[in-house]
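Listed below are the residues making up each chain.
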Amino acid sequence: MSATEVIEQIEKLPREEQEQVLAYLQQHHQPSEKSQERQPRFADDSDFEKSTEKIFKEHKDLFRRLAQ
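What counts as what
- Residues numbered from 1 in each chain as written.
- Predicted model: local features only at pLDDT ≥ 70, side-chain atom pairs only at ≥ 80, totals over all residues.
- Heavy atoms only, no water.
- Phe/Tyr/Trp six-rings, centres within 6.5 Å; stacked < 30°, edge-to-face > 60°.
- Buried < 20%, exposed > 50% of the residue type's maximum accessible area, 1.4 Å probe, protein only.
- pLDDT = per-residue confidence, 0-100.
- Helix = DSSP H or I, 4+ residues; strand = E, 2+ residues; numbered from the N terminus.
- Patch = residues over 30% accessible without salt bridge, like charges linked within 9 Å, V, L, I, M, F, W, Y side chains within 5 Å.
- Areas by Shrake-Rupley, 256 points an atom, 1.4 Å probe, with all protein chains shown as cover.
- Salt bridge = Lys/Arg side-chain N within 4 Å of Asp/Glu carboxyl O.
- Lys, Arg positive; Asp, Glu negative; His and termini not counted.
- Charge placed at Lys NZ, Arg CZ, Asp CG, Glu CD.
- Polar contact = N/O pair within 3.5 Å; in protein donor to acceptor, adjacent residues only side chain to side chain.
- Contact = heavy atoms within 4.5 Å.

### Quick look at the packing of aromatic side chains
In step 1: Counting across every chain of the model gives one aromatic pair.
In step 2: Relative to Phe63, the ring of Phe56 lies with its centre 4.4 Å away and its plane at 35 degrees, an arrangement referred to as tilted.
In step 3: A relative accessible area of 47% places Phe56 in the partly exposed class.
In step 4: By relative accessible area, Phe63 is classed as partly exposed at 30%.

In structure tokens, the structure reads:
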């Protein structure tokens, strides 16, 4: 059975059984290094502020021209 066929079967299950499948996967799935690399990273407010200051400082001319 292919992954697509498995997914199609899961989609046909009642919501309660789909939740059981999800719970199982969450407990037993070990993410690979590759899938972990694709996880989004989020900056906290402090990192964001530092980055924006740096970007606006380094590209002041560009932002001035874009604002015109």
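### Side note on the confidence of the model for the protein
In step 1: When the pLDDT values of the protein are averaged, the result is 86; 88% of them are 70 or greater.
In step 2: When pLDDT is averaged over each helix and strand of the protein, the minimum, 64, is found for helix α3 (residues 33–37) and the maximum, 93, for helix α1 (residues 3–12).

### Section: a negative patch on the surface
In step 1: On the surface, Asp44, Asp45, Asp47, Glu49 and Glu53 cluster together to form a negatively charged patch.
In step 2: A relative accessible area of 44% places Glu49 in the partly exposed class.

### Things to note about the pattern of salt bridges
Two side chains that carry opposite charge are able to pair once their charged atoms sit near each other.
In step 1: Counted according to the given criterion, the structure contains one salt bridge.
In step 2: Across the pair Asp61 and Arg64 runs a salt bridge, and its minimum N-O distance is 2.0 Å. Of this pair, Asp61 and Arg64 both sit in helix α5 (residues 60–67), three residues apart, roughly one helical turn.

### Here's the deal with the side chain of Gln18
In step 1: Assignment of secondary structure puts Gln18 in helix α2 (residues 15–28).
In step 2: Polar side-chain contacts of Gln18 include one of 3.2 Å to the backbone oxygen of Ile10.
In step 3: There is a polar contact of 3.1 Å between the side chain of Gln18 and the backbone oxygen of Glu11.
In step 4: The residues contacting Gln18, other than those within four sequence positions of it, are Ile10, Glu11, Lys12 and Leu13.

### Focus: the environment of Val21
In step 1: Counting through the fold element by element, Val21 comes out in helix α2.
In step 2: For the pair Val21 and Ile10, spaced eleven residues apart in the sequence, the C-alpha separation amounts to 7.9 Å.

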